[in-house]
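One-letter residues, chain by chain:
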Amino acid sequence: MIELDNVSKYFGDTRVLDGVTGKVNRGEIFAIIGPSGSGKSTLLRLIDLLDTPTGGAIRISGTEIHAQHEKDLSIRRMMGMVFQKPAVFNATVAENVAVGLRFRGASKSEIDARIGEALDTVGLASYRERRARTLSGGEMQRVALARAMVIEPEILLLDEPTANLDPVSVAMIENLVVRINRDLGTTIVFSTHDMYQGQRLAHRIGVLMNGVFSQVGTPREVFTLPASREVARFVGIENIVEGVVVSENGTSAVDAGGIRIRARSPFGAGEAVSLCIRSEDIRIAPAIRGRRVFDGNILPGTVTSVVPRGPFSRVTVDCGFALSSILSWKKVDDLDIREGSQVVVSFSPESVHVVRRE
Amino acid sequence: MYEIVEGVLEALRLIVTLDPDVMAIAVRSIVISLTATIIASIFAIPLGAAINFGTFPGRKSLINLIQTLYSLPTVIVGLLIFLLISRVGPFGFMRLLFTPTAMIIAQTILILPIMTGLTISALSAVDPVIRDTLRSLGATRLQFLVNVLKEARFAILATVAVGFGRAISEVGAAILVGGNIAASSFASSTRVLTTAISLETSMGNISQSIALGIVLLVIALGVNLAITTVQHR
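Each chain carries its own residue numbering, running from 1 in the written order of its sequence. Chain A is the first chain written and ligand 1 is the first ligand written, with later ones labelled in order. Local features in this predicted model are restricted to residues whose pLDDT is 70 or higher, and side-chain atom pairs enter the listing and the counts only when it is 80 or higher, whereas totals over whole chains, interfaces and linings include all residues. Note: side-chain values were computed over all heavy atoms of the structure, leaving out hydrogens and water.

An unreviewed UniProt entry annotates chain B as ABC transporter permease subunit originating from Methanoculleus formosensis. According to the UniProt record, the Sequence similarities (unreviewed entry) comment for chain B reads "Belongs to the binding-protein-dependent transport system permease family." UniProt positions are given in the numbering used here, feature names are shortened, and annotations may be inferred rather than shown by experiment.

The name recorded for chain A in an unreviewed UniProt entry is Molybdate/tungstate import ATP-binding protein WtpC, from Methanoculleus formosensis. Regarding chain A, the UniProt comment filed under Sequence similarities (unreviewed entry) reads as follows: "Belongs to the ABC transporter superfamily. Sulfate/tungstate importer (TC 3.A.1.6) family." Note on chain A: under the UniProt heading Subunit (unreviewed entry), the record states "The complex is composed of two ATP-binding proteins (WtpC), two transmembrane proteins (WtpB) and a solute-binding protein (WtpA)."

Printed below as a string of structure tokens:
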């Protein structure tokens, strides 16, 4: 549906997008995730014809959208967009939602009916005659969503639609996004710096970093098999260890500063790699009880910090390099873990994701 | 001191009894300045929009020039129009000197820069997200312009009020090209509130001056009050 072909955008000497290539399929929810300033908004603005790319092409259903100026309007009218900052026209809620329909010359009775439906969907039916400026940020954003979807766009673009909202409004907007996609079959592209939101909503995720898609894949792929060290860091993998692949009795192993770690990797001996290990996959046990019955990586170490995090504690252990794990408070107490405790850290070779170091 | 108090009392009497002379002057002032404001709006608002949304070389300098002309002295405008429409001027054949039309022309030119400049400010103050939203909703160029103007309507209304205020309160141009004539017919007279105050004061008719001054103030306050009411609705 939407093809991004080596799209770049420079603002002066600043390269915001530097060759983005990817594809959004018809009917899917596609999330663009990436750190602040990675060009997510810029990419959405280019798709919505609000800015012109410096290089490359964007095609929608095969048509290069920035090539023909006379087609601007019909292409733009295929799309609806909601912006990060909630913005409403200084008019009633109903008049706000009507704007796109009026632009398309819809009849008064049709506009009336469609506004009713749209406001019902976003749960603001009783706000119809309220002045939009008097609403809360979350309500304004729902008006913006109703305004964008009432024109029944084929593509809905959402630029960090929940960035400044309270948790209840966030849940509402997320729920609406899923429903619009499911009930109307609208192709939805949204950006977020919240990787978990990407995971919750998207069929596929594009990780935008340094002006390119570092990885495009299903949430599962991106979260469990990040393509690079940077993606791994962004999707919340805390333990990233540098090493070099060595071969050891036919199975793969990685030498990390003199410590051998068993892992499955497609890379040959001598390759410089990063090991990504999720905190959840790391077990910590007191050193004395460390009997070696476990067929995996068992590393002795010293606890360097115990930091509370919600109902859990993050325990960091120095085993030559730092590894951290998430333990419940009770477990921390039971095992009597504190700074300086001698422990053993264990994890299976399967839980180690190996990426090539660049 | 006694004279001033007596003057004020007499002025109030003139207003309360709707003194025909005072009322005629007040109505004439409003008609002339309102006409000038309407004509200036017709030029200033589209011009302001064109400058705000346009991209052309010298745009910044043009805006600077317009802002400089905010403080255009009224007598200079009067003098300029006088030279153009006096018998020996290029438009002398039109016999416009000392007519209400001449005053309307002078006031229109006087308030054109400030109205254009304030229109530019009003439009550029519209949230960029609102502008993007209009484009993303598929507005044509005209629909876009109309809706941005609509969004800035209160600021534009204030612009019109400022223009009217400046037009009705100026005296320099009115006296130069109008001549403060009290003719037999309402339409050919050019005596307005400001020129009348100036004349009556110099003739020692203090109460008449105070009455006219109060009317002028009430008009100015009334316009502002109306604008504020609309803006807070």
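## Comments concerning the nonpolar core
All names here are of chain A. In terms of nonpolar packing, the biggest core is built from 101 residues, with I2 and L4 touching the most fellow members. Where each domain starts and ends follows an automatic or database-derived domain assignment. Taken domain by domain, the makeup of this core includes at least three residues from each of domain 1 (2–232) and domain 2 (237–287 + 294–356). Here a residue-residue contact requires only that any non-hydrogen atoms of the pair lie within 4.5 Å. If we ignore the near neighbours within four places in the chain, the residues touching I2 are G22, K23, V24, I47, I58, R59, I60, I155 and V189. Only buried residues count toward a nonpolar core. Its members are Ala, Val, Leu, Ile, Met, Phe, Trp, Tyr and Cys residues joined through side-chain atoms within 4.5 Å. Exposure classes here rest on a 1.4 Å probe applied to the protein chains alone. A residue is buried below 20% of its type maximum, exposed above 50%, and partly exposed in between. The next biggest cluster of nonpolar side chains, apart from the first, holds 28 residues, and it includes A263, I284, L299 and V332.

## A word on the interface of chain B and chain A
Counting from both sides, the interface comprises 18 residues of chain B and, opposite them, 23 residues of chain A. Using a 1.4 Å probe, buried area is obtained as the accessible area two parts lose upon being combined, added over both of them. At the boundary of chain B with chain A, total buried surface from both sides reaches about 1900 Å², with 56% on carbon and sulfur atoms. Together, S136, L137 and E151 of chain B form the three largest contributors to the area buried by chain B at its contact with chain A, with a combined 31%. We define a salt bridge as a contact between a side-chain nitrogen of Lys or Arg and a carboxyl oxygen of Asp or Glu at a distance within 4 Å. Here chain B is connected to chain A by three salt bridges. For D132 of chain B, the salt bridge goes to R45 of chain A, with nearest N and O atoms at 2.6 Å. Secondary structure elements are taken from DSSP: a helix is a run of H or I of four residues or more, a strand is a run of E of two residues or more, and numbering for both begins at the N terminus. Of all the elements in the fold, those that place two or more residues in the side of chain B that touches chain A are helix 6 (128–136), helix 7 (141–151) and helix 8 (153–169) of chain B. The greatest single-element share of the side of chain B that touches chain A, amounting to seven residues, is contributed by helix 6 of chain B. Amino acid classes used here: Ala, Val, Leu, Ile, Met, Phe, Trp, Tyr, Cys and Pro are nonpolar; Asp, Glu, Lys and Arg are charged; the rest, including Gly, are polar. Per-class residue counts for the side of chain B that touches chain A are six nonpolar, six polar and six charged.

## Focus on the pairing of strand 20 (residues 352–356) of chain A
All names here are of chain A. With four of its five residues buried, strand 20 lies for the most part within the structure. At least two bridges found by DSSP between two strands is the condition for calling them paired. Looking at chain direction, strand 14 (residues 272–277) and strand 20 are connected through five bridges and run antiparallel. Its bridge partner being in strand 20, V273 is matched across the sheet by R356.

## Structural notes on the packing of aromatic side chains
All names here are of chain B. Put simply, two rings from Phe, Tyr or Trp (the six-membered ring, in Trp's case) pair if the centres are within 6.5 Å, and we call them stacked under 30 degrees between planes, edge-to-face over 60, tilted for the rest. Inspection of the entire model under this criterion finds two aromatic pairs over all chains. A centroid spacing of 5.5 Å and a plane angle of 70° characterise the contact between F53 and F144, whose relative ring orientation is edge-to-face. Of this pair, F53 sits in helix 2 (residues 20–53) while F144 sits in helix 7, and the two are 91 residues apart along the sequence. Exposure remark for F144: the relative accessible area of 5% places this residue in the buried category.

## Quick notes on the environment of I114 of chain B
Residue and element names in this part refer to chain B. The residue I114 is located in helix 5 (residues 100–124) in this model. Note on I114: relative accessible area 13%, which makes it buried. For I114 and F91, which are 23 residues apart along the polypeptide, the C-alpha to C-alpha distance reads 26 Å.

## Here's the deal with the pattern of salt bridges
Inspection of the entire model under this criterion finds 28 salt bridges over all chains. Note that R13 of chain B is salt-bridged to E10 of chain B, the shortest N-O span being 2.9 Å. Linking R13 of chain B with E10 of chain B, this pair stays in helix 1 (residues 2–16), spanning three residues, or about one helical turn. Classification of R13 of chain B as partly exposed rests on a relative accessible area of 44%. Judged by relative accessible area, which is 28%, E10 of chain B ranks as partly exposed. One salt-bridge network, in which partners are shared between bridges, spans R45 and D51 of chain A together with D132 and R135 of chain B.

## Here's the deal with the domain arrangement of chain A
Residues and elements named next belong to chain A. Partitioning chain A into domains gives domain 1 (2–232) and domain 2 (237–287 + 294–356). Computed over C-alpha atoms only, the centres of domain 1 and domain 2 are separated by 39 Å. Listed by partner, the interface residues are eight residues for domain 1 and eight residues for domain 2. Both sides together, the interface formed by domain 1 and domain 2 hides about 660 Å², and carbon and sulfur atoms give 52% of it. Linking domain 1 with domain 2 are one salt bridge. The partner of E242 in a salt bridge is R229, and the shortest N-O contact between them spans 2.0 Å. Any N or O atom pair separated by 3.5 Å or less is treated as a polar contact, with the protein-specific requirement of one donor-capable and one acceptor-capable atom, and with residues adjacent in sequence counted only for side-chain atom pairs. Inspection of the region where domain 1 meets domain 2 yields four residue pairs in polar contact (both at pLDDT 80 or more). Mapped by element, the contributors of at least two residues to the side of domain 1 that touches domain 2 are helix 8 (219–224) and helix 9 (229–234).

## Comments concerning unusual backbone geometry
The backbone of E160 of chain A sits at a positive phi, close to 40°, despite the residue not being glycine. Positionally, E160 of chain A belongs in the loop between strand 7 (155–159) and helix 6 (167–184). Owing to a relative accessible area of 9%, E160 of chain A belongs among the buried residues under this scheme. Positive phi values are uncommon outside glycine, yet N180 of chain B reaches one of about 55°. Counting through the fold element by element, N180 of chain B comes out in the loop between helix 9 (172–178) and helix 10 (193–202). Judged by its relative accessible area of 10%, N180 of chain B falls in the buried class.

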